[in-house]
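# Fold and contact review
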Number of protein chains: 2
Amino acid sequence: MVNWNSPSSNLTSKCRQAFKQMNNDPLKQRISHYQQRIEKALDQWLPSPLTHPTRLHEAMRYAVLNGGKRIRPILTYATGEALNIPLENLDGIASAVEIIHSYSLVHDDLPAMDDDDLRRGVATCHTAFDEATAILAGDALQALSFYVITHDQKLAVDHSVRLQIIEKLALACGSRGMAGGQAIDLSSVGQTLNVMQLEDMHIHKTGALIRASISLAALAAPNPDANELVSLDHFGKCIGLAFQIHDDILDEISDTETLGKTHGTDRAKNKPTYPSIVGLQVSKQRTQDLYQEAIESLQSLGSRNTEYLHYIAELIVKRNH
Amino acid sequence: MVNWNSPSSNLTSKCRQAFKQMNNDPLKQRISHYQQRIEKALDQWLPSPLTHPTRLHEAMRYAVLNGGKRIRPILTYATGEALNIPLENLDGIASAVEIIHSYSLVHDDLPAMDDDDLRRGVATCHTAFDEATAILAGDALQALSFYVITHDQKLAVDHSVRLQIIEKLALACGSRGMAGGQAIDLSSVGQTLNVMQLEDMHIHKTGALIRASISLAALAAPNPDANELVSLDHFGKCIGLAFQIHDDILDEISDTETLGKTHGTDRAKNKPTYPSIVGLQVSKQRTQDLYQEAIESLQSLGSRNTEYLHYIAELIVKRNH
């Protein structure tokens, strides 16, 4: 089980504190259960460090089994609970999404990209191993995520749905999804973006995979209702964007209040952020509006059990440090 | 149409000359037809350079539409002709395999990997663009290749077969396939390998995708015969390994005969090669044995039209410069 108190990355360090604050919330136990599931599933899908080529396999495991908060798998499982999908059916989708996320962090951390030596308080993959191994580990992890979806026997869907899941995953992490967002992000350093351009970047870089973590699970529902799928996808779109805007806000607050701890923040890297464009108050209002829009989307699921999704949305966007 | 006379990479420069020599061979026209098909298919699958994010899309197109010889798509189409599969049904598979191959070259060329500035006589992707863009272009190309298989409407196979194709492609380029082979290759620099270890590296790094370019096409046959699939896969395994051993031989000959032109050869990079381990004559015999084994595999396809596969095998392993 992941230690919530472990040092964490810039994207999740604030989340950790929110989780700590909510110790008394009974829903936390369920989130913890999701988290234990995904750790076990990831461990099983990743190649053994004892098998050839051992160093590459070690690097792949290092990159994934690193104490991450597993926000995306948690969203996958919570979507499953809303749609009465047995959680075991979703282990593969949750793993695939998290493996894609992990590979993206390995490549983002490379010297030619964000050049980060530390992630979650420990050495980044290229620092612990070497750059070439990190590049290849990322590449092999991406291939693994697609293999997982083709091979997962517990995913109880028709072949056509399995293909849809692979197609959506490929789109979410391709040039018009996550990889495209990272390209826009890198090209935005030192640039002046307007709000529309910044949201476009966020929707691609972070939003696409968060959205996929929900919509892919929804595809695995035994009798999917088209309207429910649209509502859940809209929920994912809203919280994906809210997640990143709120992260921008926290970067700004952290930057202001904890001078000397700016290493790794977007501001320090001269990247445009939501508050730097529209100010803190408008940013907060935008996050609140997106959260509200997300929750309203859930309402159209009627009597479905959406409390876990609701809880995670709240956790993501209402954390105040 | 690709100009066979264009400068080419170390893996394909010798092939170009073999192609030139065989100008009078009537089979060459068919290979040229395959080559025209794949250029058109790749152009259609790649994102438009006019669409957002334009720079990333430009880099992806630059990496793929670069005058490559398209050995792997040629093998895909030739397998199709042997199994009476309409070529148009194979455009997607041929594209996916070549897109994977192209992304692997982009990442292999990076400074942290083989550190090559030139490929086929022009600037490598990270030199023409920048390292970050090259990493992301490779990442996005891998995602694109899986998208192609899910989305290709001309691929006339059941959903279950389409899933098998994706699974095999993911395995071929993952940690136990191409990416694993590249990891072994990098770790072998300056090391002493035995023949078994070297063949293991070759089978992974180059062999896995060459083999897949044949076996994936075979899966698209309307009424696949299990024995034929096994024979074709064995053909692919043999010529994949022969391709790389022969390449080692050509590197050695080139290195010996054309002193001063060693830049980019395995010897110059202190990488173990087949001739450096067992000598030139044993290497040549091994290539010849593998070629023979490959051709014998084709014989079990009886009256099938295997002349194109035979021709390509000959082209790959009998070129003498």
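Keep in mind that this is a model prediction, so the values were computed, not measured.

Mapping chain A onto chain B is achieved by rotating through 180° and translating by 0.0 Å along the same axis, at an RMSD of 0.0 Å. Interpreted geometrically, this transformation is the action of a two-fold axis. No C-alpha of chain A approaches the rotation axis more nearly than that of His159(A), which lies at 2.8 Å. The overlap is high: 100% of the interface residues of chain A also sit at the interface in chain B, so the same surface is used on both sides.

Turning our eyes to something else, we now look at the environment of Val161(B). Residues and elements named next belong to chain B. Position of Val161 relative to the elements: it lies in helix H8 (residues 159-173). We classify Val161 as buried; its relative accessible area is 16%. The spatial distance from the C-alpha of Val161 to the C-alpha of Leu209 is 18 Å, given a sequence separation of 48 residues.

Okay, the interface of chain A and chain B next. In this complex, chain A contributes 44 residues to the contact, which on the side of chain B involves 44 residues. Interface of chain A and chain B: buried area, both sides summed, is about 3,600 Å²; carbon and sulfur atoms make up 73% of it. Linking chain A with chain B are zero salt bridges. In this assembly, chain A and chain B are joined by 14 residue pairs in polar contact (both at pLDDT 80 or more). Among the elements of the structure, helix H3 (54-64), helix H5 (91-108), helix H7 (131-151), helix H8 (159-173) and helix H9 (178-187) of chain A are those that each provide at least two residues to the side of chain A that touches chain B. For the side of chain A that touches chain B, the per-class residue count stands at 24 nonpolar, 14 polar and six charged.

What follows concerns the pattern of salt bridges. Evaluated as defined, the whole model comprises 28 salt bridges over all chains. One salt bridge connects Arg70(B) with Glu39(B), and the closest N-O pair in it is separated by 2.5 Å. Remark: Glu39(B) occurs in helix H2 (residues 27-45) and Arg70(B) occurs in the loop between helix H3 (54-64) and helix H4 (71-82); sequence separation between them is 31 residues. The exposure classification of Arg70(B) matches that of Glu39(B), with both residues buried. Between Asp185(B) and Lys205(B) there is a salt bridge, with the nearest N and O atoms lying 2.6 Å from each other. Of this pair, Asp185(B) sits in helix H9 (residues 178-187) while Lys205(B) sits in helix H10 (residues 195-219), and the two are 20 residues apart along the sequence. On the accessibility criterion, Lys205(B) (25% relative accessible area) is partly exposed. Here the residues in one salt-bridge network are Asp114(A), Asp185(A), Lys205(A) and Lys271(A), joined through shared partners.

What counts and how
Residues numbered from 1 in each chain as written. Chains lettered and ligands numbered in written order. Predicted model: local features only at pLDDT ≥ 70, side-chain atom pairs only at ≥ 80, totals over all residues. Heavy atoms only, no water. Least-squares fit on C-alpha atoms with pLDDT ≥ 70 in both. Contact = heavy atoms within 4.5 Å. Helix = DSSP H or I, 4+ residues; strand = E, 2+ residues; numbered from the N terminus. Buried < 20%, exposed > 50% of the residue type's maximum accessible area, 1.4 Å probe, protein only. Buried area = accessible area lost by both parts, 1.4 Å probe. Salt bridge = Lys/Arg side-chain N within 4 Å of Asp/Glu carboxyl O. Polar contact = N/O pair within 3.5 Å; in protein donor to acceptor, adjacent residues only side chain to side chain. Nonpolar A, V, L, I, M, F, W, Y, C, P; charged D, E, K, R; others polar.

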